Structure formats: structure tokens, C-alpha cells
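# Examining the three-dimensional arrangement
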Amino acid sequence: MDWKIHTFSKLPSTQDYIKELAEQDFPEGEVIQCLIQTKGRGRHGNEWVSPMGNLYMSVLLRPECSADKAGQLSFVAAVALSAAIGEYLDETHTKSLKWPNDILIDGKKVAGILLESELKDGKVDSLALGMGVNIMVAPEGSVALNDITGDTQVAIHPFRDKVLGHLAACYKQWQEEGFTPIREKWLEEGHGIGQEISARLADKTVTGIFEDVDQNGALKLKTPDNDLIDISAGEVYFPNGKQE
Ligand code: BTN
């Protein structure tokens, strides 16, 4: 992948910028990064507070796959981000992946991923893949990479390049080998598998055991009645209060 990186000091949202490039028929590989976002957004319409000191980046992908496979790309991104973050952690810290695509260190969120797709004739026309990584600053309850890397302070731009390197490799693997190897890597670090979780759906909350992630990336939850239900969108939390 030949990334074309454009860096800005301040933007409303890198995600909106990359979507404009998608509308203008730019090819995949465009990367928009900025130092401050004034209207950063996260999943479920949440605000993504974006002060100076962190990585805010969106990437344009055109995976030419059916609409139902688009969600797999958020696992591709999570595995790639995790690998980049892993380069800075020692064995005293634990990294895990919270379904569907948050990265946690020692149970606290360090990075989030936002995937927005445009469809055409039932296929994916473009994907805006947004990534926010706390490097120097973290909101309350989250963690910044530099809080736990000790003497090795993480600089934003070299870190960005590591993320893009891992993303290119994981995306290529997904294109050539499909979702299976990506899913396996994700499951190796999956947070809370085998534990009780609650999933907040559009109309209700369900609680059960987090059994697995299936071939489409849906979370398999076993209810107290032993029903296995598929959760393909929603917010997951841990009722025992350990950590999200
Ligand atoms: C989440 O809710 O966890 C996803 C957060 C995604 C934030 C990133 S920062 C770069 C890109 N631009 C945005 O406005 N959002 C994403």
C-alpha cells in the first residue's frame, strides 16, 4: 500500500475530510492526520475530545467487498493498531482488544476506531477508517501511551508510520487470506472472552457469557437460558465492574 499522508495542524474531523476525498473519487491509500480536532467524533455519536498530543488519523480504503464484510475491516484495524502499540509495551503491561474495536492497556482504553462505509449496488464503495490513539493526553478513565512506556516516550509521527505499516500488512493479509487469520489474532487478545458481559442494544440490554466472535465479526453471547445470540452492533460492558 502506497500511503499518501497529508498532515494538518487543526481540522474539525479527519473523518469528514477523508469522506470528502472519497466523494471526489480519490483512490484508496489517502491518509489525513491532524494534531487537534475541533469536532472529533467517536462511535454511537459520541464526541472524541481531541487536544494536542495524540494521534488523530483517517484512512481511505476501497476494499471492493460486499457490504456484509465491511465490518471485518474494523478488526483488521484493531489488530494493526494493537501490533503498533505492542512495540512500545513491556511485559509489565497487558494489552487487550475490546469488542468490536477498542484497544485497552491494563483494562483502560488507549485507542478507538471508527469505521464509516459508503455503499454502491450492495458493495462497499469506500471506507473511512478513523483511528484515535491517546499518546500524551487521555480523558478520565482512559490511559495515554506515554503514561506507561516509561523512558521510551512515543512521538506521534513515528508512531503513525508504524500503525500504517501494520495496517498495510494486515489489510494485505485480509485481502489474500480472508478474515480467518485476522479473527484468530483478534481472539488471542480478545477482552473478556468466557466472562459475563452486558451488551447495550438499540432497544434493550442483554447479559450473558461472551462465547466467541464469528466469521462476520459478530459477538456470540450465551444467555442464562442457553440461547446463543449474535450481536453485530452495540456497546459492551462488564457488569462485574472490572473494566469496560
Ligand atoms: C471510538 O468511539 O472509540 C472511536 C473514536 C475514533 C476517533 C477518531 S480520531 C480520528 C478520526 N476522526 C474523528 O472525528 N474520529 C476518528
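The sections below set out a description of the structure shown in this document. The structure presented is a predicted model; accordingly, all values stated were derived computationally and were not measured. (Residues numbered from 1 in each chain as written. Predicted model: local features only at pLDDT ≥ 70, side-chain atom pairs only at ≥ 80, totals over all residues. Heavy atoms only, no water.)

## Some words on the pattern of salt bridges
By the definition in use, this model includes 12 salt bridges. Residue aspartate 2 pairs with lysine 4 through a salt bridge whose shortest N-O separation is 3.8 Å. Exposure remark for aspartate 2: the relative accessible area of 59% places this residue in the exposed category. A salt bridge links lysine 220 to aspartate 230; its shortest N-O distance comes to 2.7 Å. Residue lysine 220 is located in strand β10 (residues 219-222), and its partner aspartate 230 is located in strand β11 (residues 228-231); the two are separated by 10 residues in the primary sequence. Given a relative accessible area of 45%, aspartate 230 falls into the partly exposed group. In the salt-bridge network here, residues are joined through shared partners; they are Asp16, Lys19, Arg41 and Glu116. (Salt bridge = Lys/Arg side-chain N within 4 Å of Asp/Glu carboxyl O. Buried < 20%, exposed > 50% of the residue type's maximum accessible area, 1.4 Å probe, protein only. Helix = DSSP H or I, 4+ residues; strand = E, 2+ residues; numbered from the N terminus.)

## Re the sheet that holds strand β4 (residues 95-98)
Read across the sheet, 7 strands follow the order β1-β2-β3-β7-β6-β5-β4 without closing on themselves; strand pairing throughout is mixed. At either end of the open sheet lies a strand with only one pairing partner, and these are β1 (4-11) and β4. When the angles between neighbouring strand axes are averaged without regard to direction, this sheet yields 20 degrees. Strand direction decides the pairing type here: strand β6 (residues 108-120) and strand β7 (residues 123-133), joined by 10 bridges, are antiparallel. Along β7, the bridge assignment pairs leucine 114 with glycine 130. Each of β3 (55-61), β4, β5 (102-105), β6 and β7 is contacted by helix α2 (residues 72-86), which is oriented at about 150 degrees to β6, the strand it contacts most. (Pairing = 2+ DSSP bridges. Axes fitted to C-alpha atoms, helices over the stretch in contact; angles between N-to-C directions. Contact = heavy atoms within 4.5 Å.)

## Side note on the packing of aromatic side chains
In this structure the tally under the stated criterion is 5 aromatic pairs. On the numbers, 5.0 Å between centres and 45 degrees between planes, the contact of phenylalanine 8 with tyrosine 17 is tilted. Given the relative accessible area of 28%, tyrosine 17 is considered partly exposed. For the ring pair phenylalanine 75 and phenylalanine 179, a centre distance of 5.6 Å and an interplane angle of 75 degrees mean the geometry is edge-to-face. With phenylalanine 75 in helix α2 and phenylalanine 179 in the loop between α4 (156-177) and α5 (180-189), this pair connects stretches of sequence that are 104 residues apart. The burial state of phenylalanine 75 is the same as that of phenylalanine 179; both residues are buried. The rings of Phe75, Phe179 and Trp186 are connected pair by pair, giving a single aromatic cluster. (Phe/Tyr/Trp six-rings, centres within 6.5 Å; stacked < 30°, edge-to-face > 60°.)

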